[in-house]
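Given next are the chains, with one letter for each unit.
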Amino acid sequence: MDTKAFKRALNSSEQYYRKGFGRETEVAPVLQSEYQSNLIQQLRENNFTLQRGEVTIRLAEAFGFCWGVERAVAMAYETRQHFPSDRIWITNEIIHNPSVNSNLRDMQVEFIPMKDKQKDFSVVGKGDVVILPAFGASFQEMQLLNEKGCTIVDTTCPWVSKVWNTVEKHKKGNYTSIIHGKYNHEETIATSSFANKYLVVLNLAEAEYVCNYILKGGKRDEFMAKFHKACSAGFNPDTDLERIGIANQTTMLKGETEQIGKLFERTMMRKYRPGQLNQHFLSFNTICDATQERQDAMFKLVDEKLDLMIVIGGFNSSNTTHLQEIAIEQDILSYHIDSAERIGPGNRIQHKPLHRDLEVVENWLPQGSIAIGITSGASTPDKVVADVLEKIFELKAATVVT
Ligand SMILES: C/C(=C\COP(=O)(O)OP(=O)(O)O)CO
Ligand code: SF4
């Protein structure tokens, strides 16, 4: 499959839009009112600090909507504006935030339904408009929608496309793409669809397993049992790991992506002579700036004296979850919530502990003066953060009175 030629043809098609519709000013007021907040703006201007009553808020210096998300959401709103009476579909959540997706539903943007655990594209007709989310869509989905004669509005973040280009380079040089990511995450599904041969590793432990296999061999069946959902069809670890290239899901922990890249580099140097490294190993930096900035800001924030942290973002948001991991590693009490509705009634919070189901904690907000660290993922609107803060101030004020 010549994915590059397909993308080139798609780019020149009149049915394909990837730059919006020049309606930025038309959609700006609604985006402002649905997603922005004056309170958060004040906080930004006040050295990311706010004190009200007994509560001191310390906000991470980089948080919330990244430009890729802002761009994708604005494009979706422009699409509705540009095609006011057309049927509009979206192939997945545009980003991992429940409030944004629910707003799209309210704008009659329809999600492709599932049938027998597969997306049922039979509902999409010729001439329908289909939005591809910020994570992108798989090559096969794009091909199908193009064949159906749909109008495609592609909001894929350019940082994600950059990773696809890297995978194309691997493919051209006959390298297997090792993708640091979650094999069932939309972005990784899309990225791997552009690869010829690929293997997805979730973390350093999985990367170490693969590197050991490269150096010492091992049980092929065991390898395949471990990675059968995370590799290309017909993958053979005995022959498909001789030439490898590194790519990543853009929102993984940046330190981990770097460690994994270095580990594979060292492994290939040990297996082959250093002078031959380029024939066996390729690596380009594909960590997205926004991910890097939010994680760096979090590392800075957790160094401060905080009583607790609140990490705000969708529960399926990979980058938000990584922010929470940083708090946990620093031994800071942290609560991951996706909206202000998770707080209350009274002094209770419903939150998602890492890798566990939702839990309710009573009396979570301590008495007396407290310092709360706040951050939010790249897909979390400022408005959601502001609503959380207001809820906390309200709750704390009520506790003081009683
Ligand atoms: C769209 C996107 C990032 C925005 O945050 P999201 O929370 O939507 O996505 P993710 O962290 O990958 O689960 C892909 O890089
Ligand atoms: S996190 Fe990075 S790759 Fe993802 S949408 Fe934002 S800017 Fe793009």
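You'll find the structure just up there.
Now for a quick tour of the structure. (Residues numbered from 1 in each chain as written. Chains lettered and ligands numbered in written order. Predicted model: local features only at pLDDT ≥ 70, side-chain atom pairs only at ≥ 80, totals over all residues. Heavy atoms only, no water.)

Residues Lys4, Arg8, Lys162, Lys169 and Lys172 make up a contiguous surface patch of positive charge. The set of elements that each furnish at least two residues to the positive patch consists of helix H1 (3–11) and helix H7 (158–172). Looking at the positive patch element by element, the count peaks at three residues for H7. Within the secondary structure, Arg8 sits in helix H1. Looking at Arg8, the relative accessible area reads 56%, which means it is exposed. (Patch = residues over 30% accessible without salt bridge, like charges linked within 9 Å, V, L, I, M, F, W, Y side chains within 5 Å. Areas by Shrake-Rupley, 256 points an atom, 1.4 Å probe, with all protein chains shown as cover. Salt bridge = Lys/Arg side-chain N within 4 Å of Asp/Glu carboxyl O. Lys, Arg positive; Asp, Glu negative; His and termini not counted. Charge placed at Lys NZ, Arg CZ, Asp CG, Glu CD. Helix = DSSP H or I, 4+ residues; strand = E, 2+ residues; numbered from the N terminus. Buried < 20%, exposed > 50% of the residue type's maximum accessible area, 1.4 Å probe, protein only.)

A few words now on the site of ligand 2. In the neighbourhood of ligand 2, the contacting residues comprise Cys66, Gly68, Val69, Cys157, Trp159, Val160, Thr250, Thr251, Cys288, Ala290 and Thr291. For the shell around ligand 2, the elements supplying multiple residues, two or more each, are helix H4 (67–82), H7 and helix H13 (289–301). A class-by-class count of the residues in the shell around ligand 2 yields seven nonpolar, four polar and no charged. (Near = heavy atom within 4 Å. Nonpolar A, V, L, I, M, F, W, Y, C, P; charged D, E, K, R; others polar.)

Right, let's talk about the nonpolar core for a bit. In this structure, Ile94, Leu199, Val210, Phe223, Leu241 and Phe264 are the most contacted members of the largest nonpolar core, which totals 82 residues. Looking at this core, the element that brings in the most residues is H4, giving seven residues. The residues contacting Leu241, other than those within four sequence positions of it, are Ile178, Leu199, Val210, Ile214, Phe223, Phe235 and Met268. Residues Leu39, Ile349, Leu365 and Ile374 belong to the second largest nonpolar core, which totals 30 residues. (Core = buried A, V, L, I, M, F, W, Y, C linked by side-chain atoms within 4.5 Å. Contact = heavy atoms within 4.5 Å.)

Scanning all chains against the criterion turns up 14 aromatic pairs. Ring geometry for Phe139 and Phe194: centres 6.2 Å apart, planes at 65°, overall edge-to-face. Taken together, the residues span a long stretch of sequence, with Phe139 in helix H6 (residues 139–147) and Phe194 in the loop between helix H8 (186–193) and strand S11 (198–201) at a distance of 55 residues. With centroids separated by 4.9 Å and ring planes inclined at 45°, the aromatic side chains of Phe223 and Phe227 adopt a geometry described as tilted. Of this pair, Phe223 and Phe227 both sit in helix H10 (residues 220–227), four residues apart, which is roughly one turn of the helix. Following the ring pairs from residue to residue traces out a cluster consisting of Tyr209, Tyr213, Phe223, Phe227 and Phe235. Positioned over the ring face of Phe284 is Lys169, at 4.6 Å from the centre of the ring. Sitting over the face of the ring of Tyr209, Lys226 holds its NZ or CZ atom 5.0 Å from the ring centroid. (Phe/Tyr/Trp six-rings, centres within 6.5 Å; stacked < 30°, edge-to-face > 60°. Lys NZ or Arg CZ within 6 Å of the ring centre and 35° of its normal.)

Counting buried positions along strand S18 (residues 370–376) gives seven out of seven residues, so the element sits mostly inside the fold. By the alternation rule, side chains of S18 split into Ile370, Ile372, Ile374 and Ser376 and Ala371, Gly373 and Thr375, which are all buried. One ladder, built from five bridges, connects strand S3 (residues 55–59) with S18; its direction is parallel. When the bridges of S18 are listed, Val55 appears paired with Ile370. In terms of strand pairing, strand S14 (residues 308–312) meets S18 through five bridges, oriented parallel. Note that in S18 the partner of Ile310 across the bridge is Ile374. (Pairing = 2+ DSSP bridges.)

For the rest of this paragraph, the subject is the packing of helix H9 (residues 204–216) against H10. H10 packs onto H9 with a crossing angle of 155° between their chain directions and a minimal axis gap of 12 Å. Viewed along their axes, H9 and H10 adopt a mutual orientation that is roughly antiparallel. Of the two possible hands of crossing, H9 and H10 adopt the one that is left-handed. The segment H9 lies against H10, with Glu206, Tyr209, Val210 and Tyr213 engaging Arg220, Glu222, Phe223, Lys226 and Phe227. Considering only residue class, the contact of H9 with H10 consists of five nonpolar, no polar and four charged. (Axes fitted to C-alpha atoms, helices over the stretch in contact; angles between N-to-C directions. Parallel < 35°, antiparallel > 145°, perpendicular 65-115°, else oblique. Left-handed = near helix turned anticlockwise from the far one by under 90°.)

Turning next to the packing of H1 against H6. It is at 11 Å that the axes of H1 and H6 come closest, and there the two elements cross at 45°. Comparing the axis directions of H1 and H6 gives the class oblique. Read as a crossing pair, H1 and H6 show a hand that is left-handed. Residues Thr3, Phe6 and Leu10 of H1 form the contact with H6, whose participating residues are Phe139, Met142, Gln143 and Asn146.

Next up on the list: the site of ligand 1. The environment of ligand 1 is formed by 14 residues, the closest being His96, Ser317, Ser318, Asn319 and Ser379. Ser318 places a polar main-chain atom, nitrogen or oxygen, 2.7 Å from an oxygen atom of ligand 1. In isolation ligand 1 has 380 Å² of accessible area, and contact with the protein removes 95% of it. For the shell around ligand 1, a count of residues per class yields four nonpolar, nine polar and one charged. (Polar contact = N/O pair within 3.5 Å; in protein donor to acceptor, adjacent residues only side chain to side chain.)

Here His336 shows up in strand S15 (residues 334–337). For His336, a relative accessible area of 2% gives the class buried. Reaching out from His336, the side chain makes a polar contact with the backbone oxygen of Gly314 at a distance of 3.5 Å. Discounting residues that sit within four places of it in the chain, His336 has contacts with Val311, Gly313, Gly314, Phe315, Thr320, Thr321, Gln324, His351 and Lys352.

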